[in-house]
Amino acid sequence: MKLNSLLCLLSSSSVASFAPPSQHKANNALFLSAEPTTETAVPTATAESSASTPTNMNDILQIPLSYNEMITQSTQAMSDAYRTQGMSRQIVRILLPRDASSDQLGVQFEPDAQMDKGKNDEMKLVPCDESWQGGIMQLYRAASPTTKDILRQLCPTGATTGVPPKIIEDRTVDESGVDGVGLFYTQSGSGSIEKNTNSGVGFGFFGESVSLPTLSENDMCVFVQPTQEVVDIVESLSTSSMNGSSQQSSPLIALLNPQWRNVDDALDSASKSESVFGAFASFLGGKGSSLRKLEELGYRSTYTLEGYVCKGGNIRLLKRYDSDWLVFAENDNGDKYLKVGTSMERPTYQDVEKMLNDNGVGYKYERDLGLAGKF
């Protein structure tokens, strides 16, 4: 009798130790749901749950100082946009992780960042600029593990089963193989994801057709560093994934760090015109027609984290879909970013310089030499 009681006790403790996570975890995590409900339509973060206006969100947002903080903040914005606004077509721009020893330009050889969990907080978050010596392919090697971490954070199966999703990388969307473009998507079902081989989407008139995945309701995909040449493929997958349903209930499709810039040059401005001249400007490489097509498909910017140098110091621009543009400047200790201004529209370089002047922030070399006050 005592032996049977002991066996029952051990059996019950074993079942408890291997029990799947409770559903309460899914409500508190950042995971997406294919069919948003009233219960999951509330932002999960305690601070953000009370933010209903851009003004409140402007006071809450801060610059992430580590890789893990950036992943959490960006996925929170993507999840909130999907669940509360039904934004299943998103554009996301983030900084990319770089090894701390290669934070600055000038070394002969720059190794790729090692994305170990124990070293994530040691990674430097660097803007996607010309300081990356390996060009677009080095950016892709940094964006690839970052994209996987974003999908793991968002996938709903991780909350309900505790098992991370299977993530598939497809490089066939990169015709040349060196443009740094990729497609990452999750496979949440038990079976394999079917390929839509009848889409007939390719590059140009003679390019090979690209087989696109057929996404289930709990799957999601991210186009990494898409170019204007990939917009037709984005359109085909976005249309086929709706399956006749509304966009609000379709799988999440995101564009991560598109290779076209947020600011316009003369050709981009001309291509936004719907005239013959605008069409010719688009043919020459202007992004106007591509942006119009994405806008018609419902793509909206949900999270943007960018950076550059102004007056010798590091600047960060941060925006969520429900906030204004926030401008932060790095302090002299290099351990914090302080907000210097906000703007309804994306601030220009001249706008940022004026914000620094209004806050009494001098040139970096002047502060280093003691010719100006510390920041």
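Student: Can you break down the pattern of salt bridges residue by residue, with the values?
Tutor: The tally for this structure, following the rule as stated, stands at 11 salt bridges. Notably, a salt bridge pairs Lys293 with Asp232, separated by 2.8 Å at the nearest N-O pair. Separated by 61 residues along the polypeptide, Lys293 in helix α11 (residues 288-296) and Asp232 in helix α8 (residues 231-242) bring together distant segments of the chain. Asp232 gets classed as partly exposed once you look at its relative accessible area, which sits at 37%.

Student: Lay out the pairing of strand β12 (residues 325-330) in plain terms, naming residues and giving numbers.
Tutor: The element β12 is extensively covered by neighbouring structure, given that six of its six residues are classed as buried. Burial of the side chains of β12 extends over both faces: Trp325, Val327 and Ala329 are buried on one face and Leu326, Phe328 and Glu330 on the other. Direction of pairing for strand β11 (residues 313-320) relative to β12: antiparallel, over a ladder of four bridges. Looking across to β12, one finds that Leu318 is bridged to Leu326. Here β11 hands over to β12 after four residues, the two strands then running antiparallel side by side. Bridging between β12 and strand β13 (residues 337-343) involves six bridges; their strand directions are antiparallel. By the bridge assignment, Leu326 is partnered in β13 with Thr342. Counting the residues between successive antiparallel strands, the hairpin from β12 to β13 contains six residues, one of them, Gly334, with a positive phi of roughly 75°.

Student: An account of the packing of helix α5 (residues 67-85) against helix α6 (residues 135-154) is needed here, citing residue identities and associated values.
Tutor: Running from amino to carboxyl end, α5 crosses α6 at an angle of 50°, the nearest separation of the two axes being 10 Å. Judged by the inter-axis angle, α5 sits oblique to α6. With respect to the hand of their crossing, α5 and α6 are arranged in right-handed fashion. Contacts from Tyr67, Met70, Ile71, Thr72, Ser74, Thr75, Met78 and Ser79 of α5 reach α6 at Pro145, Thr146, Asp149, Ile150, Gln153 and Leu154. Each residue belonging to the contact of α5 with α6 can be placed in one class, and the counts come to seven nonpolar, six polar and one charged.

Analysis parameters
Residues numbered from 1 in each chain as written. Predicted model: local features only at pLDDT ≥ 70, side-chain atom pairs only at ≥ 80, totals over all residues. Heavy atoms only, no water. Salt bridge = Lys/Arg side-chain N within 4 Å of Asp/Glu carboxyl O. Helix = DSSP H or I, 4+ residues; strand = E, 2+ residues; numbered from the N terminus. Buried < 20%, exposed > 50% of the residue type's maximum accessible area, 1.4 Å probe, protein only. Pairing = 2+ DSSP bridges. Axes fitted to C-alpha atoms, helices over the stretch in contact; angles between N-to-C directions. Parallel < 35°, antiparallel > 145°, perpendicular 65-115°, else oblique. Left-handed = near helix turned anticlockwise from the far one by under 90°. Contact = heavy atoms within 4.5 Å. Nonpolar A, V, L, I, M, F, W, Y, C, P; charged D, E, K, R; others polar.

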